[in-house]
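# Fold and contact review
Listed below, chain by chain, are the residues.
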Amino acid sequence: MRIALAFNIKKENESILSDSEDSIKYSSPKTDFRKYLSENLINNYPERLDDTYAEWDSEETITAVKSALEAGGHDVTLVEGDSDAYEKFKMIRPEFVFNVAEGLNGLSRESQIPSMLEMLNIPFTGSDSVTNGICHDKSRCKEILSYYNIPNAKFFITDAIHKTEKDLSFPKFIKPLHEGSSKGIFNSSVVRNCADLRNEILRIKDCYDQPSLVEDFLEGKEFTVAMLGNGDDVKVMPIVEINLDAVPEGFNKIYSYEVKWFFDTRESKLDIFRCPAEIDEKLYNRIELICKAAFKVLRLRDWARIDVRLDSEGNPNIVEINPLPGILPDPADNSCYPKAAREAGMDYDTMINAVLGAALKRNRNGFHK
Ligand SMILES: Nc1ncnc2c1ncn2[C@@H]1O[C@H](COP(=O)(O)OP(=O)(O)OP(=O)(O)O)[C@@H](O)[C@H]1O
Ligand SMILES: [Mg+2]
């Protein structure tokens, strides 16, 4: 089959820190940033960070997806998910598109390639433009979950300091309304008083030019759940537990930007995953159940990764939904979806072709075409 792989690729060797004069340049960002963090106050660095491309894939990932699809017998053309993509799709008219493009601009960035393909009537893997858009706006996603009584932390949205003056219980968790890959989520995102909450609202407004989502802090264990398939065929892969004990001493027990990108490196790997999660059957089943329900009500398609945390009473809550899960190919990197797939007996190539297989089957059946 003639497949186009739609992607956005990280610019290699680019400093993760901004180019402004007073920012620090590092030759080997990850390692040096770690040193920098340990030598500085935990909370005084985020404004130096340029995380514009954090959601994008590495060249290694795109090469691995391409080669997996080729191993499945397909003829693969690469199409970068930029503003020229529409013309390229129109010209090459692939039979199917494998979509991993995260997009760059705007709240709807993960919907842009799906929208182009919908307009051109070219079928593609993964969720449609509407679902991708909804999941990228964490409040819209939570509103739908709440309508269907699927548990998620109580929340409000704000970009105004005065709104934080009203009676609030603490701790709260604060994050940008529409980012992924833990962008904007730092150790300081757990706030214990109004002053800290105000600082975070200002930081998010400053750095991301968007409102904040303020949630009740879910203080319990964390899990992430890889899903594959559609309708009654949807498969929940072995649940990954985020081992919060691996978070360095002195940091809040969250899977923050620091933990994901600076503390957990190939050279110095954190023991951050337990797969399958070491929890009792009852909890395991409850997590599966809410993830299946979320998959259904959000009308997710083919694959997704759903983050879950326990509240103070041990009840699982949906944290957020990733219709385009990260898929780092090297088992030496901690990447949840491939980790769960490996545990389910699928190597990388099998996993990629299984996602394609689910999409092809859905398309044949005319389900949410
Ligand atoms: N309400 C909350 N209570 C406690 N911790 C939270 C809460 N919301 C988010 N977190 C922590 O912050 C992390 C990142 O949050 P979230 O998953 O919403 O961000 P993201 O940028 O979309 O992540 P991803 O990298 O999965 O795309 C979570 O994995 C969790 O550790
Ligand atoms: Mg997440």
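Bear in mind that the values here come from a model prediction, so they are computed numbers and not experimental data.

## Considering the pairing of strand 3 (residues 96-99)
Residues F96 and F98 of strand 3 are buried on one face, and the alternating residues V97 and N99, pointing to the opposite face, are buried as well. Here four bridges tie strand 1 (residues 2-7) to strand 3, and the two strands are oriented parallel to one another. Considered in strand 3, the bridge of A6 is made with N99.

## A short note on the packing of aromatic side chains
Counted according to the given criterion, the structure contains seven aromatic pairs. Ring centres of Y257 and F262 lie 5.6 Å apart, and the angle between their planes is 65°; on these two criteria the pair is classed as edge-to-face. The burial state of Y257 is the same as that of F262; both residues are buried. Summarising the aromatic geometry, the rings of W303 and Y337 are spaced 5.4 Å apart at their centres and angled 90° between planes, so their arrangement reads as edge-to-face. Placement of the pair is W303 in strand 12 (residues 303-310) and Y337 in helix 10 (residues 336-343), with a sequence separation of 34 residues. In this structure W303 comes out as buried when scored by relative accessible area, which is 0%. Taking the relative accessible area as the measure of exposure, Y337 reaches 0% and is therefore buried. Of the aromatic side chains, those joined through ring pairs into one cluster are F98, W303 and Y337. Against the face of Y255 rests K260, its NZ or CZ located 4.6 Å from the ring centre.

## A closer look at the coordination of the magnesium ion (ligand 2)
For the magnesium ion (ligand 2), the protein coordination sphere consists of D307 (OD) and E320 (OE), at 2.0 to 2.1 Å. Of this pair, D307 sits in strand 12 while E320 sits in strand 13 (residues 316-322); the two residues are 13 residues apart in sequence, bridging distant segments of the chain. Since its relative accessible area comes to 9%, D307 is described here as buried.

Conventions we followed
- Residues numbered from 1 in each chain as written.
- Chains lettered and ligands numbered in written order.
- Predicted model: local features only at pLDDT ≥ 70, side-chain atom pairs only at ≥ 80, totals over all residues.
- Heavy atoms only, no water.
- Buried < 20%, exposed > 50% of the residue type's maximum accessible area, 1.4 Å probe, protein only.
- Helix = DSSP H or I, 4+ residues; strand = E, 2+ residues; numbered from the N terminus.
- Pairing = 2+ DSSP bridges.
- Phe/Tyr/Trp six-rings, centres within 6.5 Å; stacked < 30°, edge-to-face > 60°.
- Lys NZ or Arg CZ within 6 Å of the ring centre and 35° of its normal.
- Donors = N, O, S within 2.8 Å, 3.2 Å for Na, K, Ca; no water.

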